[in-house]
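# Survey of secondary and tertiary structure
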Amino acid sequence: MKKLRNYDCAPGCSMEAALHIMGGKWKGVILYHLFKDGTLRFSELQRCMTSINQRLLTKQLRELEEDGLIVRQVYPVVPPKVEYSLSEEGRELNKIVMDLSIWGRKWLERRGLKTAVEEDMDELKVVLGEYDENRVQ
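The following refers to the structure shown.

## Points about the overall build of the protein
For the protein, the helix and strand inventory stands at seven helices and three strands. Along the protein, from the amino end to the carboxyl end, the secondary structure elements read α-α-β-α-α-β-β-α-α-α. Intrachain contacts of the protein at a sequence separation of at least 6 include 50% that bridge at least 24 residues. Carbon and sulfur atoms provide 55% of the accessible area of the protein, an area that totals close to 9,600 Å².

Here's what the structure looks like:
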């Protein structure tokens, strides 16, 4: 079992905890794809993130699972089938992750930059809106 870290720093300790859990280049991207696309298999996640190697993706997924943000479902079939989805706790990050994605898109546009894959802003807002509607209920 992973040793729990003590967040006892000065006034930003809760922020330190949040950034530790979400830290790293890929965790936010993994969460983003799970919000946008729903439950995904390992190979589907890997196709979404072409710059990450298999070992690092596995490590990041394990850390997200240990932190309780995603759920790993293993099916007893050959070849092995593993699916990843957001946990209830992970779904609480929807607004943060999607707002950050929208902000990043606007930041790129202000500088005349583009991403390798063109994202539909309306689609991102729908994903964010669906979360907001579900939260009200």
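## Quick look at the sheet that holds strand β2 (residues 70–75)
One open sheet accounts for three strands, arranged β1-β3-β2; its pairing is antiparallel. Among the strands making up the open sheet, the edge pair consists of β1 (40–41) and β2. Across six bridges, the pairing between β2 and strand β3 (residues 81–86) is antiparallel. Paired with Y75 across the strands is K81, a residue of β3. Packed onto the sheet, helix α2 (residues 27–37) meets β1, β2 and β3 and runs at close to 90° relative to β3.

## Thoughts on the packing of aromatic side chains
One pass over the structure, following the stated rule, counts zero aromatic pairs. We note K81 situated over the ring of Y75; from NZ or CZ to the ring centre the distance is 4.8 Å.

## Topic: the packing of α2 against helix α4 (residues 54–66)
Across the interface, α2 lies against α4 with an axial gap of 10 Å and an inter-helix angle of 75°. With respect to each other, α2 and α4 are oriented roughly perpendicular. Listed contacts from α4 to K27, I30 and L31 of α2 are L57, Q60, L61, E63 and L64. Across the contact of α2 with α4, the residue classes break down as five nonpolar, one polar and two charged.

## Examining the nonpolar core
Ranked by size, the top nonpolar core spans 22 residues in total, and within it I30, L31, L57, L61, I70 and Y84 carry the most contacts. Counting residues per element, the ones that place at least two in this core are α2, α3 (42–48), α4, β3 and α6 (94–110). A per-element tally of this core places α2 first, with five residues. Beyond its immediate chain neighbours, meaning those up to four positions away, I30 contacts L45, M49, L57, Q60, L61 and L64.

## Comments concerning the pattern of salt bridges
Counting across every chain of the model gives seven salt bridges. For K59, the salt bridge is made with E63, and the minimal N-O distance between the two is 2.8 Å. Here the residue K59 and the residue E63 both occupy positions in helix α4, the gap between them amounting to four residues, near one helical turn. Classification of E63 as buried rests on a relative accessible area of 17%. Several salt bridges share partner residues, and in doing so they unite K27, K59 and E63 into one network.

## Structural notes on the pairing of β3
Relative to β3, β1 is paired through two bridges, and the arrangement is antiparallel. Looking across to β3, one finds that L40 is bridged to Y84.

## Describing a nonpolar patch on the surface
A grouping of L100, W103, W107 and L113 is seen on the molecular surface, where their side chains present a nonpolar patch of about 430 Å² in accessible area. Topologically, L113 is positioned in the loop between α6 and α7 (121–136).

Reading guide: rules and limits
Residues numbered from 1 in each chain as written. Predicted model: local features only at pLDDT ≥ 70, side-chain atom pairs only at ≥ 80, totals over all residues. Heavy atoms only, no water. Helix = DSSP H or I, 4+ residues; strand = E, 2+ residues; numbered from the N terminus. Contact = heavy atoms within 4.5 Å. Areas by Shrake-Rupley, 256 points an atom, 1.4 Å probe, with all protein chains shown as cover. Pairing = 2+ DSSP bridges. Axes fitted to C-alpha atoms, helices over the stretch in contact; angles between N-to-C directions. Phe/Tyr/Trp six-rings, centres within 6.5 Å; stacked < 30°, edge-to-face > 60°. Lys NZ or Arg CZ within 6 Å of the ring centre and 35° of its normal. Parallel < 35°, antiparallel > 145°, perpendicular 65-115°, else oblique. Nonpolar A, V, L, I, M, F, W, Y, C, P; charged D, E, K, R; others polar. Core = buried A, V, L, I, M, F, W, Y, C linked by side-chain atoms within 4.5 Å. Buried < 20%, exposed > 50% of the residue type's maximum accessible area, 1.4 Å probe, protein only. Salt bridge = Lys/Arg side-chain N within 4 Å of Asp/Glu carboxyl O. Patch = residues over 30% accessible without salt bridge, like charges linked within 9 Å, V, L, I, M, F, W, Y side chains within 5 Å.

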